[in-house]
Amino acid sequence: MQSIKKIIPHFLAAHGLVQPLRARQVVAAAALVLEKLWGPERAAYMEPLSFKEGVLKMQSASAAAMQQLKLEETRFMNELNRHLGERAVFKIQLKSKGF
């Protein structure tokens with residue numbers, strides 16, 4: 001009989017769930033790391049949207065917050081990758097929140 005540790009990864013891969021779960025994990029981690037770096041009030045201006053193929057997409061409700069993240073992009077990516085335990089995020093794409 002196989003252990004659950006071996007069954008779950010095979011099940012996830014067979015059903016195409018590995019990438020979507022990984023994306024959710026990275027998006028959630030991005031929100032946590034940003035809050036840790038900036039505090040909850042400032043971090044509320046940024047929203048991680050999606051993650052695919054090393055690119056984290058984030059949306060900003062404030063031009064000032066977007067500029068600040070651009071300035072701290074390397075630090076944020078390093079902290080996020082450290083939190084994830086691997087170099088998963090290679091690039092951050094920022095977009096402004098429209099009306």
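Overview of the structure.

What counts, and at which threshold
Residues numbered from 1 in each chain as written. Predicted model: local features only at pLDDT ≥ 70, side-chain atom pairs only at ≥ 80, totals over all residues. Heavy atoms only, no water. Helix = DSSP H or I, 4+ residues; strand = E, 2+ residues; numbered from the N terminus. Contact = heavy atoms within 4.5 Å. Core = buried A, V, L, I, M, F, W, Y, C linked by side-chain atoms within 4.5 Å. Buried < 20%, exposed > 50% of the residue type's maximum accessible area, 1.4 Å probe, protein only. Pairing = 2+ DSSP bridges. Axes fitted to C-alpha atoms, helices over the stretch in contact; angles between N-to-C directions.

Bringing the side chain of Arg22 into the picture now. Examined against the element boundaries, Arg22 turns out to sit in helix 2 (residues 18–38). Those residues in contact with Arg22 that lie beyond four places of it in its chain are Leu84, Glu86 and Ala88.

Below, the discussion takes up the nonpolar core. Formed by 23 residues in total, the largest nonpolar core has its most connected members in Leu56, Phe76, Leu80 and Val89. Contributing elements (two or more residues each) for this core: helix 2, strand 1 (46–52), strand 2 (55–60), helix 4 (63–71) and helix 5 (73–84). The dominant element in this core, judged by the number of residues it contributes, is helix 2, at nine residues. If we skip the residues at most four places from it in the chain, Leu80 touches Val26, Ala29, Ala30, Val33, Leu56 and Val89.

Here we come to the sheet that holds strand 2. Spatially, the three strands line up as an open sheet ordered 1-2-3, and their pairing is mixed. Where the open sheet ends on each side, the last strands, each with one partner, are strand 1 and strand 3 (91–96). Strand-to-strand twist of the sheet, defined as the mean angle between neighbouring strand axes without regard to direction, takes the value 25 degrees. As judged from the six bridges shared by strand 2 and strand 3, these two strands associate in the parallel manner. Within strand 3, the residue paired with Lys57 across the bridge is Gln93. Along the sheet face, helix 4 touches strand 1, strand 2 and strand 3 and points at about 165 degrees away from the line of strand 3. Against the sheet, helix 5 contacts strand 2 and strand 3, and its axis sits at roughly 120 degrees relative to strand 3.

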